[in-house]
Every structure is written in C-alpha cells, then in structure tokens.
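Single-letter residue listing:
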Amino acid sequence: MATIRCPHCGSPVMVRGNRWECGWCGDFGNISSLNRSERVKLSRAHDTALEDLERGVLSILNGIQAHFGSGEKERLLACKLVIYGMSHALVPANNQTQRNLQLLQAFFQRYSFCTAGEVLGTARSGKPAFEDQFLLTKEQLGSFWESLLPDLPQYEAYKAWPNWLYQTVDGLSDVESFFSGEDSSTLFDTLQEALDAHWSAYPLLHPDRTTLEAAVRNWDFSENEWACRDLLIAAFPDAVRFWSAEELLEMDTMELLGKVSEWKPEVGIQMMKLLLDTAECHLQEPEVAEQLLGNDLYELCQNQTVQPKLLAQLKEDARLVRQLFQSAYVGDLQEELLEACDWFGESMLKEHLQSLLAQNPHFKEFE
C-alpha cells in the first residue's frame, strides 16, 4: 500500500479501518481529516488491490454462467460461492485483519450483494457461509459440487477440465488467496485434487451396471477403460465393501480378482465367470482372449487356495471349460490348471482338458 502521511507533521501514519494515527507526533483522526492527496492515495491503493479480487469474482461468474445460464438465479449462485470463498479464507483469526476488513468494505461498496460485516461475522463464527453447499475437500463434498458429478464427462487423469469448471474453481482459489495470503496456484491444486478424488470415484460409488455390461460385451472401452473392473465392483458390492473407493481405484482387474478370491474363492470364481460370459463372443479374438486369460484371470487361476474349487467347477461347467481351454489364447493359465489337476489328484479332469486343448488351433506344446 502507498505511504499515507500525517497532515500535521508529514510522517507515515498507521491506518486502521476508517481511522489513522501518527506514531511520530501522536496526531490521529478519521480518514476524512487526511489531506486530499492522501485520501486519493488510499482510494487508488484499494482500487489496485481490488483488481485481483475482482478477477477472481468475474472468473466464478463467467464459469457459472457458461454452464448454468446467465439469469438472476445463476448470478445469485455465483455470488454465494464468492461469499463462501471470502468467509472460508477469513475463518482463521490471523486473516481477520484491518486491511482485509477495509478491502471487504471497499469491495461491497462497489458490489452490494452482501456486506463486509456479514462476511466477517460469519467467518468469526468459525464456519464459512454456505459451507454445506460449497465445501470442497477430499473428505467432504458440498451439495453444489456433488450435483455436478453425474453430468461431468468420464474422469481421465490427464485430460483438461471443462473450461467452465476450470474458471469456477480458479476464481474460487483467487478469492480465497486474496484474503488468506496463500498462493493461488497452491490453493487451486488443492481444490483440483479434492474434486478429482470425488470425480474419479463417482462411477464406483454410483455404477451403471447396464452400461458397464454393454461395454464389456462389446469390448468397447472408449468411455471407461476400467469397465471390466467396474463391472465386477457393481455386480459384487458385498465382496468389495472392505475397500474404500480410493483403494479400489488403485486396483486393476487382475488385482481385484486376486484379492477377492484369496478371501473368498467361490466369489472370485463367480466374478471370473461374469467376465467370461459377458465377453464370450470375443474370446476367439486373440487380443481379447489374451487380455482376459493371459492377464486379468491369471492371478486367480494360479492361486492354490482357489484351484480346488475352480477344478470342481470345471467338472460341472462345460461352458467355463470351453471358455478357458478353447479360446484364442493358450499359455500359462491352462498350464497352471493342468498342473493343479496333478497336484489335487484330478487325473480324469486333466485328460479331458488336454483333449480339448489338443483341438484348439491356438495351442502349441508347452515348453
């Protein structure tokens, strides 16, 4: 801020709210008692400082209106988000400074949708205004952000946000930065990480099983590259209830099948059958067969806790036998199951599986 000088002795003065005080000569008074040139400097200082805040507010308004429309309801929504950002930044007592109060007062003298006293009063209560609507952390999500998730595109970690969403969150970080003194980019990164966490977890917490089944059946992962994993989560919610959405997001299909089958082999086998039954019409395609049999199912099939129950299933389930031994991929999975037949004394089953394997044009002798 520009140096404001005492009208009596010309020394720099301390400005608090609407009053000033000179530390050199002891004179003091209202802002109106300063020389005109000093009052102009104060006004210009506020104008310059408010430009950063105004940019943040405008960014929020533009983002909200670009997505929701430009009516009075949308303008009010943007104003409420601005007030949330201001009060959230001012909740810490050390941010409730005279300068911030002056800037609040100056801002609301220009834009009268609220008052400085209302914003600061809410902050002093220890809870920001409209917190239930706009809170955004990895642990909690306000109703405004939650309402956006169903209509956002499929989350992709390295894909840019929709422009309106970026503008809204960027504006919020600018508003909070203005009053908290924290770096705006750091605040944006924190908000982005929080929203990304909820956005990426949304399909797991609100699965559309019909859509997932169609993706696997058509072997089309253009909308969701994790459709196989997500289908298993949607179809077997009790089997995955022990893991958080964040933990599930870190698993691929093979790891999920492996963990579930280790805990409950029967459920793991049912999961495997769901994938194979759903994608069955593609099992004569080498790329698909290798992905399922050579990768996704491998950990389950080589687990000796699962193998006895899987062999028992194979003796009763001709469809599963065909899927595993007459598809367009032959490799470690079939060799592991044949060795399991030796281990668990299933010689007749082994003979049957070998005969089917011999008929498979994709089979070459195991090394």
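All of these numbers come straight from a predicted model, not from anything done at the bench.

*Asks:* Let's hear about the overall build of the chain: which residues, and what values?
*Replies:* Across its full length, the chain carries 19 helices and three strands. By the compact-globule yardstick of 21 Å for 367 residues, the chain is too spread out, its C-alpha radius of gyration being 32 Å. In terms of overall dimensions, the chain has a C-alpha envelope of 110 × 40 × 35 Å along the principal axes. Buried residues in the chain amount to 47% of all 367 residues. Sequence-distant contacts in the chain: of pairs separated by 6 or more residues, those separated by 24 or more amount to 62%. A total of about 19,200 Å² of accessible surface is found on the chain, and carbon and sulfur atoms cover 47% of it. Here the chain carries 30 positive and 56 negative side-chain charges, and the mean point of each set is 12 Å from the other.

*Asks:* Please give an account of unusual backbone geometry that cites residues and values.
*Replies:* What is expected of a backbone is that most residues other than glycine have negative phi and most peptide bonds are trans. In this structure, Phe 130 takes a positive phi of about 60° despite not being glycine. Within the secondary structure, Phe 130 sits in the loop between helix 4 (116-124) and helix 5 (131-134). The class for Phe 130 is partly exposed, based on a relative accessible area of 34%. For Trp 219, which is not glycine, the phi dihedral falls at a positive 50°. Summarising the element assignment, Trp 219 is placed in the loop between helix 9 (209-217) and helix 10 (227-235).

*Asks:* Got a sec to walk through the packing of aromatic side chains? Specific residues and values, please.
*Replies:* In this description, a pair of aromatic rings is defined by centroid distance and the angle of the planes. As enumerated under the stated definition, the model contains 16 aromatic pairs in all. Note on Phe 68 and Trp 164: the rings are 6.3 Å apart at their centroids and 75° apart in plane angle, and the pair reads as edge-to-face. Of this pair, Phe 68 sits in helix 1 (residues 36-68) while Trp 164 sits in helix 7 (residues 163-180), and the two are 96 residues apart along the sequence. Look at Trp 164 and you get buried, because its relative accessible area is 13%.

*Asks:* Describe the pattern of salt bridges, with residues and values.
*Replies:* One pass over the structure, following the stated rule, counts 14 salt bridges. Across the salt bridge formed by Glu 156 and Lys 159, the nearest N and O atoms sit 3.9 Å from each other. Notably, a salt bridge pairs Lys 309 with Glu 266, separated by 3.4 Å at the nearest N-O pair. Of this pair, Lys 309 sits in helix 16 (residues 307-316) while Glu 266 sits in helix 13 (residues 265-278), and the two are 43 residues apart along the sequence. Lys 309 gets classed as partly exposed once you look at its relative accessible area, which sits at 37%.

*Asks:* A description of the packing of helix 3 (residues 98-110) against helix 4 should follow, citing residues and the corresponding values.
*Replies:* Packing of helix 3 against helix 4 leaves a shortest axis separation of 8 Å and a crossing angle of 140°. Taken together, the axes of helix 3 and helix 4 are oblique relative to one another. Two secondary-structure elements touch here, helix 3 through Leu 101, Leu 104, Gln 105 and Phe 108 and helix 4 through Ala 116, Val 119 and Leu 120. Grouping the constituent residues of the contact of helix 3 with helix 4 by class yields six nonpolar, one polar and no charged.

*Asks:* Quick one: what's the story with a negative patch on the surface, residue by residue and with numbers?
*Replies:* A cluster of acidic residues, Glu 182, Asp 183, Asp 189 and Glu 193, forms a negative patch at the surface. With respect to the secondary-structure elements, Asp 189 resides in helix 8 (residues 184-205).

*Asks:* Could you give me a rundown of the environment of Leu 311, with the residues and numbers involved?
*Replies:* In this fold, Leu 311 is placed in helix 16. In this structure Leu 311 comes out as buried when scored by relative accessible area, which is 0%. When the C-alpha positions of Leu 311 and Gly 126 are compared, they lie 62 Å apart, and in sequence the two are 185 residues distant. Each residue touching Leu 311, except ones within four places of it in the same chain, is listed here: Leu 337, Ala 340, Cys 341, Phe 344, Glu 346 and Leu 349.

*Asks:* Which residues make up the side chain of Asp 296, and what are the values?
*Replies:* Along the polypeptide, Asp 296 turns up in helix 14 (residues 286-296). There is no salt bridge for the buried Asp 296, and the closest opposite charge comes from Arg 229, which lies 10 Å off by N-O distance. Once residues within four sequence positions are removed from consideration, Asp 296 is found in contact with Thr 253, Met 254, Leu 257 and Gln 291.

*Asks:* Before we move on, can you summarise the nonpolar core with the specific residues and values?
*Replies:* If you look at the biggest cluster of nonpolar residues, it comprises 56 residues, and the most contacted ones within it are Leu 310, Leu 314 and Leu 324. Ile 83, Tyr 84, Phe 144 and Leu 152 belong to the second largest nonpolar core, which has 49 residues in total.

*Asks:* Give a detailed account of helix 19 (residues 347-358), specifying residues and quantitative values.
*Replies:* The end-to-end C-alpha distance of helix 19, which contains twelve residues, comes to 16 Å, matching closely the 16 Å that a straight helix rising 1.5 Å per residue would cover. Check the buried side of helix 19 and you find it contacts helix 16, helix 17 (318-325) and helix 18 (332-343).

*Asks:* With reference to specific residues and values, describe the environment of Asn 218.
*Replies:* With respect to the helices and strands, Asn 218 occurs in the loop between helix 9 and helix 10. Note on Asn 218: relative accessible area 51%, which makes it exposed. Considering only alpha carbons, one finds Asn 218 and His 282, 64 residues apart in sequence, at a separation of 8.2 Å.

*Asks:* Hey, could you go over helix 18 for me, with residue numbers and the actual values?
*Replies:* With twelve residues, helix 18 extends 16 Å from end C-alpha to end C-alpha; this agrees with the ideal 16 Å at 1.5 Å per step. Among the residues of helix 18, those classed as buried are Leu 333, Gln 334, Leu 337, Leu 338, Ala 340 and Cys 341. Projected down its long axis, helix 18 carries its buried residues within an arc of 155°, all on one side. In the core, the buried residues of helix 18 are packed alongside helix 14, helix 15 (298-301), helix 16, helix 17 and helix 19. Just past helix 18, the residue Gly 345 takes up positive phi, approximately 70°.

Scoring rules and cut-offs
Residues numbered from 1 in each chain as written. Predicted model: local features only at pLDDT ≥ 70, side-chain atom pairs only at ≥ 80, totals over all residues. Heavy atoms only, no water. Helix = DSSP H or I, 4+ residues; strand = E, 2+ residues; numbered from the N terminus. Rg over C-alpha atoms; globule rule 2.2 N^0.38 Å. Buried < 20%, exposed > 50% of the residue type's maximum accessible area, 1.4 Å probe, protein only. Contact = heavy atoms within 4.5 Å. Areas by Shrake-Rupley, 256 points an atom, 1.4 Å probe, with all protein chains shown as cover. Lys, Arg positive; Asp, Glu negative; His and termini not counted. Charge placed at Lys NZ, Arg CZ, Asp CG, Glu CD. Phe/Tyr/Trp six-rings, centres within 6.5 Å; stacked < 30°, edge-to-face > 60°. Salt bridge = Lys/Arg side-chain N within 4 Å of Asp/Glu carboxyl O. Axes fitted to C-alpha atoms, helices over the stretch in contact; angles between N-to-C directions. Parallel < 35°, antiparallel > 145°, perpendicular 65-115°, else oblique. Nonpolar A, V, L, I, M, F, W, Y, C, P; charged D, E, K, R; others polar. Patch = residues over 30% accessible without salt bridge, like charges linked within 9 Å, V, L, I, M, F, W, Y side chains within 5 Å. Core = buried A, V, L, I, M, F, W, Y, C linked by side-chain atoms within 4.5 Å. Expected span 1.5 Å × (residues − 1). Arc of directions from axis to C-beta.

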